[in-house]
Amino acid sequence: MTLLRNAVVTLVVAIALAFGLGFLLPDNVHVERSIAIAAPADTVFAEIADLNAWDAWSPWAQIDPNAEMTVSGSGVGQKMVWSSEDARVGHGSQEIIALSSPTDLKTHLIFEEQGAADATFKLTEADNATQVTWMLDTDMREGVPVAMQPFVTYMGFLMDATVGKDYETGLQNLKSTIEEKAIAS
């Protein structure tokens, strides 16, 4: 009986320590991926600066082609709202909060179940191509109930692998979309 009690006490202490440590770990996450696209920056910018065009290259549109998506407005303030039964897509919104054609785009994302983030695109022309860098910055605890904050902080360690993979897919899709259009015209 003593062995069982010691094991239970050890398990409770370990869980409490892991929970408490979750409040002390870094909560800011940065994900960044880049690709070179054989097209001028203004051509690339036109594809990313209109949320209506995202369906052609977004990795999440491929995950759930049946997701409900609405886009309203244009330019700064253009907003996309989506809803999907697929947990990898989920429910949320994205709004363009800054545009500087043809070099910078920034959006604010709200994931209904998982907090908020900012995504940024930086475009740089060099050697007949445009270097596109897609970044995500978030505070994993922002907008999350206190009791869940340690768990989402631990999830922050997985963001580079999970979101980074999606960004790589999206950038490759964007490259293919733009370069195929250039060949066709």
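These notes cover the structure that comes with them. (Residues numbered from 1 in each chain as written. Predicted model: local features only at pLDDT ≥ 70, side-chain atom pairs only at ≥ 80, totals over all residues. Heavy atoms only, no water.)

### Thoughts on the environment of M159
Cut-off, in case you're wondering: Helix and strand labels come from DSSP, where a helix needs a run of H or I of at least four residues and a strand needs a run of E of at least two; each type is numbered from the N terminus. Any pair of residues with heavy atoms lying within 4.5 Å of one another is described as a contacting pair.
In this structure, M159 sits in helix α5 (residues 159-184). In the structure, M159 is positioned 19 residues away from M140 in sequence and 9.8 Å away in space, judged by C-alpha atoms. Residue contacts for M159: discarding those within four places in its chain leaves V29, V31, L136, T138, M140 and G164.

### Section: a nonpolar patch on the surface
To be explicit about the condition: Note on patches: the residues involved have over 30% relative accessible area and no salt bridge, like charges join within 9 Å, and the nonpolar side chains Val, Leu, Ile, Met, Phe, Trp and Tyr join within 5 Å. Only the protein chains shown count as cover for residues, and all accessible areas are computed by the Shrake-Rupley method using a 1.4 Å probe. Put simply, a salt bridge is a Lys or Arg side-chain nitrogen that is within 4 Å of an Asp or Glu carboxyl oxygen. In this scheme, a residue with accessible area under 20% of its type's maximum is buried, one over 50% is exposed, and one in between is partly exposed, where area comes from a 1.4 Å probe on protein chains only.
Judged by side-chain polarity, F19, F23, V146, M148 and F151 come together as a nonpolar surface patch covering roughly 450 Å² of accessible area. Following the sequence through the fold, V146 ends up in the loop between β7 (129-139) and α4 (149-155). Accessibility expressed as a relative area gives 57% for V146, which makes it exposed.

### Re the packing of aromatic side chains
Geometry of an aromatic ring pair is reported as the spacing of the ring centres plus the angle between the planes. Definition in use: In this scheme Phe, Tyr and Trp rings, the latter by its six-membered ring, pair at centre separations within 6.5 Å, and the angle between planes marks the pair as stacked below 30 degrees, edge-to-face above 60, and tilted otherwise.
Counting across every chain of the model gives ten aromatic pairs. Ring geometry for W54 against W134: centres 6.2 Å apart, planes inclined by 90°, an arrangement best described as edge-to-face. With W54 in the loop between α2 (41-48) and α3 (59-63) and W134 in strand β7, the pair connects residues that are 80 residues apart, well separated along the chain. Note on W134: relative accessible area 2%, which makes it buried. Pairing W57 with F121 gives two aromatic rings, centres 6.2 Å apart and planes at 85°, and the pair type is edge-to-face. Of the two residues, W57 sits in the loop between α2 and α3 while F121 sits in strand β6 (residues 115-126), which places them 64 residues apart along the sequence. For the pair shown, W57 and F121 are each scored as buried. Put simply, the rings of W54, W57, W60, F121, W134 and Y167 pair up and form one aromatic cluster.

### So, the layout of surface pockets
Sizing a probe to match a water molecule and rolling it over the atoms shows the empty space that remains. The condition is simple: Put simply, the grid is 1 Å and covers the protein atoms alone, a cavity is a trapped set of points that fit a 1.4 Å probe, a pocket is an open set with protein on both sides within 12 Å along at least five of seven lines, and lining residues have an atom within 4 Å of a point. Grid points are joined across faces, edges and corners, and a volume is the space filled by probe spheres set on the points. The residue classification treats Ala, Val, Leu, Ile, Met, Phe, Trp, Tyr, Cys and Pro as nonpolar and Asp, Glu, Lys and Arg as charged. All others, Gly included, are polar.
The space that makes up the largest pocket amounts to roughly 1,200 Å³. Lining of the largest pocket is provided by 46 residues; of these, W60, R88, F111, Q114 and V163 occupy positions nearest its centre. For the lining of the largest pocket, the secondary structure elements donating two or more residues are α3, β3 (79-83), β4 (91-100), β5 (104-111), β6, β7, α4 and α5. Take the lining of the largest pocket: its biggest share by element is seven residues, from α5. Looking at the lining of the largest pocket, its residues break down into 28 nonpolar, ten polar and eight charged.

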